[in-house]
Amino acid sequence: MPSAQPPRRVLLKLSGEALMGAGDFGIDPDVLGRLARDIAVLAREGVQFGVVIGGGNIFRGAGLAGGGFDRVRGDQIGMLATVMNGLAMQDRLLREGIDARTLSAFRIDSVCEHYSRDLALSHLQAGRVVMLAGGTGNPFFTTDSAASLRAIEIDADLMIKATKVDGVYSADPVKDPNAEFYPRLSYDRVLDEGLGVMDTTAVVLCKENHMPLRVMNINEPDALRRVMQGEEVGTLVTGDDG
């Protein structure tokens, strides 16, 4: 059943791993194409998309830090990986006939535009899909935190965390068949119970700026469209459990 006002400007957070498909590394062209088509259909209908894609399918700096790799350098390489994913999605959207731009939090001017809030808003208002790459531009911040920050900066109506599960559960539903599904949660409950929706910084940013967060399965057919139509898909995290 549709809920109140459907969102018209959204921040879509995709993990880099979502682009791998059944592979162990890199980008699956079929998966990239499917995601781009889902976004393109809605963009043609007037939905404004900011998209943040992680870089874990290419490089994960935090994982190597434990093996003696410099964390700052590792995070910088990871931020470059998010630019690579953003450019791949931009290219696929362009082939779908959708104007798209990649904006990086750090300067890489020969490859893509440098991020500023005003530029991002200008592109969105012109109907372009905007890849918001490069994380926050700083080490020690995850792409979840970058997504929350960008959602707030672009005045998104909703932030969507696209995952491989149907929403938020009390435990891993694969390991625990009795895990309880939560259709709605408060930010405080997510933080207090350590539910692992996003990292703590990302959740706190959403809480302090009243940014609604929906966690959903991006692989569920037509799920993104249903969210845009105001349906209750996955788990909604807001200021209360109601």
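Here's a quick rundown of the structure.

Digging into the pattern of salt bridges
Now for step 1: Counting across every chain of the model gives 20 salt bridges.
Now for step 2: Residue Glu113 pairs with Arg101 through a salt bridge whose shortest N-O separation is 4.0 Å. One end of the pair, Glu113, is in strand E4 (residues 113–114); the other, Arg101, is in strand E3 (residues 100–104), with 12 residues separating them in the sequence.
Now for step 3: For Glu113, a relative accessible area of 28% gives the class partly exposed.
Now for step 4: In this structure Arg101 comes out as partly exposed when scored by relative accessible area, which is 25%.
Now for step 5: In this structure, the salt-bridge partner of Asp222 is Arg225, at a minimum N-O distance of 4.0 Å.
Now for step 6: Each of Asp99, Arg101, Glu113 and Arg128 takes part in salt bridges that share partners, so that together they form one network.

Notes on the nonpolar core
Now for step 1: The biggest cluster of nonpolar side chains holds 34 residues, and the ones touching the most others in it are Leu14, Ile39, Phe49, Met89, Leu93 and Val129.
Now for step 2: Where this core is concerned, the elements lending two or more residues are strand E1 (9–14), helix H1 (29–44), strand E2 (48–53), helix H3 (71–95), strand E5 (129–133), strand E6 (158–163) and helix H8 (223–228).
Now for step 3: Of all the elements, H1 adds the most residues to this core, at eight residues.
Now for step 4: In this structure Val129 touches Ile39, Ala43, Phe49, Val51, Leu93, Ile98, Asp99, Ala100 and Arg101, once residues within four positions along its chain are discounted.
Now for step 5: By size, the runner-up hydrophobic cluster in this structure holds 29 residues, among which are Val52, Ile154, Val197 and Met211.

Comments concerning the environment of Asp144
Now for step 1: Mapped onto the elements of the fold, Asp144 is located in helix H5 (residues 143–153).
Now for step 2: Relative accessible area serves as the criterion here: at 11%, Asp144 is assigned to the buried category.
Now for step 3: Along the sequence, Asp144 and Asp199 sit 55 residues apart, while their C-alpha atoms lie 6.7 Å from each other.

Remarks on the sheet that holds strand E10 (residues 213–217)
Now for step 1: The strand order E4-E3-E5-E2-E1-E6-E10-E11-E9 describes an open sheet built from nine strands, whose pairing is mixed. Of all strands in the sheet, those bounded by a partner on one side alone are E4 and strand E9 (184–186).
Now for step 2: Of the pairings in the sheet, the one linking E1 to E6 comprises five bridges and is parallel in character. Bridged to Val10 within E6 is Leu158.
Now for step 3: Relative to E3, H3 is tilted by about 170 degrees, and along the sheet it contacts E1, E2, E3 and E5.
Now for step 4: Helix-sheet contacts for H5 involve E1, E2, E5 and E6, and the interaxial angle to E1 is about 175 degrees.

Describing the side chain of Thr163
Now for step 1: Mapped onto the fold, Thr163 is located in strand E6.
Now for step 2: Relative accessible area serves as the criterion here: at 17%, Thr163 is assigned to the buried category.
Now for step 3: Reaching out from Thr163, the side chain makes a polar contact with the backbone oxygen of Val165 at a distance of 3.0 Å.
Now for step 4: Other than its neighbours up to four places away in sequence, Thr163 contacts Val215, Met216, Asn217, Ile218 and Asn219.

What counts as what
- Residues numbered from 1 in each chain as written.
- Predicted model: local features only at pLDDT ≥ 70, side-chain atom pairs only at ≥ 80, totals over all residues.
- Heavy atoms only, no water.
- Salt bridge = Lys/Arg side-chain N within 4 Å of Asp/Glu carboxyl O.
- Helix = DSSP H or I, 4+ residues; strand = E, 2+ residues; numbered from the N terminus.
- Buried < 20%, exposed > 50% of the residue type's maximum accessible area, 1.4 Å probe, protein only.
- Core = buried A, V, L, I, M, F, W, Y, C linked by side-chain atoms within 4.5 Å.
- Contact = heavy atoms within 4.5 Å.
- Pairing = 2+ DSSP bridges.
- Axes fitted to C-alpha atoms, helices over the stretch in contact; angles between N-to-C directions.
- Polar contact = N/O pair within 3.5 Å; in protein donor to acceptor, adjacent residues only side chain to side chain.

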